[in-house]
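Fold and contact review
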Amino acid sequence: MTSQSRSQDATPEIPRQSMEADIVCVGFGPAVAGFLTTLTRGLTGEDGMPVAESRVMPGMAPQIMCYERADDIGFGVSGVVTRGRAIRASFPDLDPAAIPLAHAVTSEKVAYLFDPLGASRRSRGLRAAEAAARRLPWHDKALAALELPWIPPFLRKEPGFVLSMGQFTQWVGGQIMGTGLAQVWPGTPVAAPLVEDGRVRGVRLADQGVNRKGEPEAGFMPGMDVTAALTVVGDGPVGPVGRAIDAALGLPAGRHQRDWALGMKAVVQLPEGCPLAPGTVVHTLGFPEPEIFGFLYVYPEGVASLGIFVPSWFDSPVRTAYRYLQHWMRHPYLWRWLEGGTLRSWGAKTLAEWGRHGEPFLAGDGYARIGECSGSTNVLTGSGVDEAWATGVLLGEGVLELLRQGREFTRENLEEVYVSRRRRSWVEQEARVAEKSRDGFQWGVIQGLVGMALTGLSGGSLNLSPAVKRPHERIPALERYCRGRIPDREVAELRAACRAEGRSLHDAVMDRMGWPQVEYDGKLLVSHQDALLLGGKVQAGPGYADHVRFKDHGLCAACTEQVCISACSGQAITANPEAGPPLFDREKCVHCGACLWNCSRPDPADPEAANVSFGAGSGGLHSNEN
Ligand SMILES: Cc1cc2nc3c(=O)[nH]c(=O)nc-3n(C[C@H](O)[C@H](O)[C@H](O)COP(=O)(O)OP(=O)(O)OC[C@H]3O[C@@H](n4cnc5c(N)ncnc54)[C@H](O)[C@@H]3O)c2cc1C
Ligand code: SF4
Ligand code: SF4
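Reading the values: rules and limits
Residues numbered from 1 in each chain as written. Chains lettered and ligands numbered in written order. Predicted model: local features only at pLDDT ≥ 70, side-chain atom pairs only at ≥ 80, totals over all residues. Domains from an automatic or database assignment. Helix = DSSP H or I, 4+ residues; strand = E, 2+ residues; numbered from the N terminus. Near = placed C-beta within 6 Å. Nonpolar A, V, L, I, M, F, W, Y, C, P; charged D, E, K, R; others polar. Expected span 1.5 Å × (residues − 1). Buried ≥ 20, exposed ≤ 12 C-beta atoms within 10 Å, placed from the backbone. Arc of directions from axis to C-beta. Contact = placed C-beta atoms within 7 Å. Axes fitted to C-alpha atoms, helices over the stretch in contact; angles between N-to-C directions. Parallel < 35°, antiparallel > 145°, perpendicular 65-115°, else oblique. Left-handed = near helix turned anticlockwise from the far one by under 90°. Pairing = 2+ DSSP bridges.

1. Re the domain arrangement of the protein
- Once the domains are mapped, the protein shows domain 1 (22–80 + 166–210 + 220–256 + 356–409), domain 2 (436–468) and domain 3 (473–614).
- Taking only C-alpha atoms, the centre of domain 2 and the centre of domain 3 are 30 Å apart.

Written out as structure tokens, the structure is:
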């Protein structure tokens, strides 16, 4: 299968190893896990023989490879509470007790959190609504919270389960590899698709033994080309392979990928005596800023998964998720449960909130897209795992059909067996309902909540649906964001002082806005750097190029907001004390992808893109509990 070859794309001058496979998959999240589960099960006929033969190794079963960027399976970040319809369909006898940290959902709460500090930015309309809400009987003054007496059906997850996505994907991965029919290779970032004349003919793995700019050094090992009749792209919300295909082939007319959110989460050992029962699901809104949603799910053994989402429609140039996460945990409604708890792990990841708005071409000659990179995440129900799994299953069924019939992986055939299945599925029907559900947030929080309620309760026939702005169009100048709270002159002074002293501007602005310093307890409330080391256990293998790059250095030099710095989940992007773009430290990057869309300047060559490029890289989180 292995030979020397010269490839046709980005760096044709470098001789590379190449390998032929039948099917190559990018990423091992729930989407590809669902695909490979379905495919490997269906590949063996009732007589115990493979139902199809490999084209590249005649006489053998099809050769199926999967490359995962992270250093091990399950080293990603997710919630997770899920209704688990598709997962249960794949595992009808599933007992959550078989998967570490999984449990059936036992109770659900949605709580509105008032601001007990008076530090958040709340519009006049929201303050008036809050004043009225405080008079309701469900308002708990001591906890500064109001638990909704009723949860709309579209938000309910019962009967579902809470689980750790890390533990779940490891559990599934073991079963897939146990079949001997597919190989999953973690620690192997895929650099790019191999696109030739509009056809995807495989993938190129990332070069190793290069310096930060990607230039060969001692021990240079050019990334191998893996060619395959079918490339399955399931590389998640910010995957470079899916985005490269979009760049090469474009998005369908009228589609855009403008809605995003950064999810930052922690896995916490709850304190002794915490009354929360396994399977408890809590969702919050209203605090630390009205735009920031929160979640807390209780696993067995006194462990909880909790965190916040900072969305792209949060019009703030100081989006520092880590500090907001800590203020959220300190809210009296949550702190009564968390005080005395211990951080077990921590991480961050982007959520593609564009859903069906940004659905790319789902299939083309030689490739198919599944999971979140294909727009499967449902932003109305807040559910992505089961949808990703379901799209993988649908593709798996379609691919088995083509393999059994000996047909090619052409666009027409993949549309017939996969895209049409998907169009008929519940994933599609629910995605159509959800498509415009979040658009109201473009106008503000109250309008957003009203829009969601309208969409959810009307089954998608009523929506508030203004045009969706590009992320960079939503980032105001700091002066405008602070107006009414900090005079322009003082903002300018703060900016100059922070630059001169190498201090963080977003921290200084939050301090000045009235956010108190977070008192670290050394267990749960730890410094951002400690969260990286203790919670994320972040590492970066040597010999890879920087996967975060600043495109136009002049734009960065002229940029006063530098949102990429405040939004960086790992403090991997820092201010440059000299003129030039911000500095990037690969060792601290958690691969959340937030820098890709948290930039206040558009790419001069593409108004839909930011001035940051985000490529394939190794390392990041080392935890399978997230
Ligand atoms: C904080 C947070 C909480 C969430 N909570 C919930 C929840 O409670 N319920 C729910 O249903 N959903 C939740 N989601 C959404 C859910 O996590 C996603 O919808 C789901 O993980 C999408 O699955 P996927 O397989 O498409 O992509 P991913 O899970 O993103 O998997 C993609 C995989 O591809 C790999 N990859 C990326 N680039 C490359 C490359 N170049 N080479 C090789 N591999 C690559 C990644 O490392 C990753 O393992 C949450 C998301 C976040 C961020
Ligand atoms: S990457 Fe974007 S936000 Fe960051 S400094 Fe450059 S232009 Fe500004
Ligand atoms: S540099 Fe890394 S940690 Fe920072 S925002 Fe980008 S992907 Fe996330």
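2. A look at the environment of P252
- When you line up the elements, P252 lands in the loop between α5 (240–249) and β16 (260–269).
- As a C-alpha pair, P252 and G358 span 106 residues in sequence and 8.7 Å in three-dimensional space.

3. As for the site of ligand 1
- Near ligand 1 there are 40 residues, and of these G27, G29, G79, G371 and G384 occur at the shortest range.
- Contributions of two or more residues to the shell around ligand 1 are made by α1 (30–43), β4 (81–82), α5, β16, β20 (342–352) and α8 (385–405).
- Looking at the shell around ligand 1 element by element, the count peaks at three residues for α8.
- Per-class residue counts for the shell around ligand 1 are 18 nonpolar, 15 polar and seven charged.

4. A word on helix α4 (residues 165–178)
- Between its first and last C-alpha, α4 extends 20 Å over 14 residues, near the 20 Å set by a 1.5 Å rise per residue.
- Listing the buried residues of α4 in full gives M165, G166, F168, T169, V172, G173 and I176. Along the axis of α4, the buried positions cluster into a sector of 155 degrees, meaning they face one direction only. Away from its buried face by more than 90 degrees, α4 exposes G174 and G178.
- Buried residues in α4 make contact with α1, β10 (183–185) and α8.
- Residue G180 follows α4 closely and has a positive phi angle near 75 degrees.

5. A closer look at the environment of S374
- Locating S374 in the fold gives a position in the loop between β22 (367–369) and α8.
- Between the alpha carbons of S374 and P360 there is a distance of 6.0 Å; along the sequence they are 14 residues apart.
- Ignoring sequence-local partners within four residues, the contact set of S374 consists of E359, P360, L362, R369 and T391.

6. Let's talk about the packing of α1 against α4
- It is at 10 Å that the axes of α1 and α4 come closest, and there the two elements cross at 30 degrees. Accordingly, the angle class assigned to the pair α1 and α4 is roughly parallel. Remark: the crossing between α1 and α4 carries left-handed chirality. Taken together, the residues of α4 that come into contact with α1 (itself represented by P30, A33, L36, T37 and T40) are T169, V172, G173 and I176.
- Looking at the contact of α1 with α4, its residues break down into five nonpolar, four polar and no charged.

7. Topic: the pairing of β20
- Of all eleven residues in β20, eight are buried, a share of seventy percent or more.
- Bridging between β16 and β20 involves ten bridges; their strand directions are antiparallel. By the bridge assignment for β20, A266 is matched with W346.

8. Quick notes on the site of ligand 3
- Around ligand 3, the structure places 13 residues, and the nearest of them are C568, G570, C589, C592 and C595.
- Residues belonging to the shell around ligand 3 are distributed by class as follows: nine nonpolar, four polar and no charged.

9. Some details on unusual backbone geometry
- Cis geometry marks the peptide bond from E158 to P159; its omega dihedral reads -5 degrees.
- Looking at the secondary structure, you find P159 in the loop between β8 (145–147) and β9 (161–162).
- The step from F287 to P288 runs through a cis peptide bond, and the omega angle for that step is 10 degrees.
- By the element assignment, P288 lies in the loop between β17 (280–285) and β18 (293–298).
- For L101, which is not a glycine, the phi torsion comes out positive at approximately 70 degrees.
- Secondary-structure assignment places L101 in the loop between α2 (85–90) and β5 (103–104).
- Look at L101 and you get buried, because 22 C-beta atoms sit within 10 Å.
- Positive phi, normally seen in glycine, also occurs at E301, with a value near 60 degrees.
- As for its placement among the helices and strands, E301 is situated in the loop between β18 and β19 (303–311).
- Judged by the 11 C-beta atoms lying within 10 Å of it, E301 falls in the exposed class.

10. What about the sheet that holds β18?
- In spatial order, the strands read β7-β8-β6-β17-β18-β19-β16-β20; together these eight strands make up an open sheet with mixed pairing. Edge strands, defined here as strands with exactly one partner in the open sheet, are β7 (139–140) and β20.
- Of the strand pairs in this sheet, strand β6 (residues 107–113) and β17 are connected by six bridges, and their pairing is parallel. Opposite V110, over in β17, you have H283 as the bridge partner.
- Along the sheet face, helix α15 (residues 528–536) touches β16 and β20 and points at about 100 degrees away from the line of β20.

11. Digging into the sheet that holds β4
- In space, the three strands of this open sheet follow the order β4-β9-β5, with antiparallel pairing throughout. Where the open sheet ends on each side, the last strands, each with one partner, are β4 and β5.
- As paired elements, β4 and β9 share two bridges and run antiparallel to each other. Each bridged residue has a counterpart across the sheet, and for T82 the counterpart in β9 is F161.

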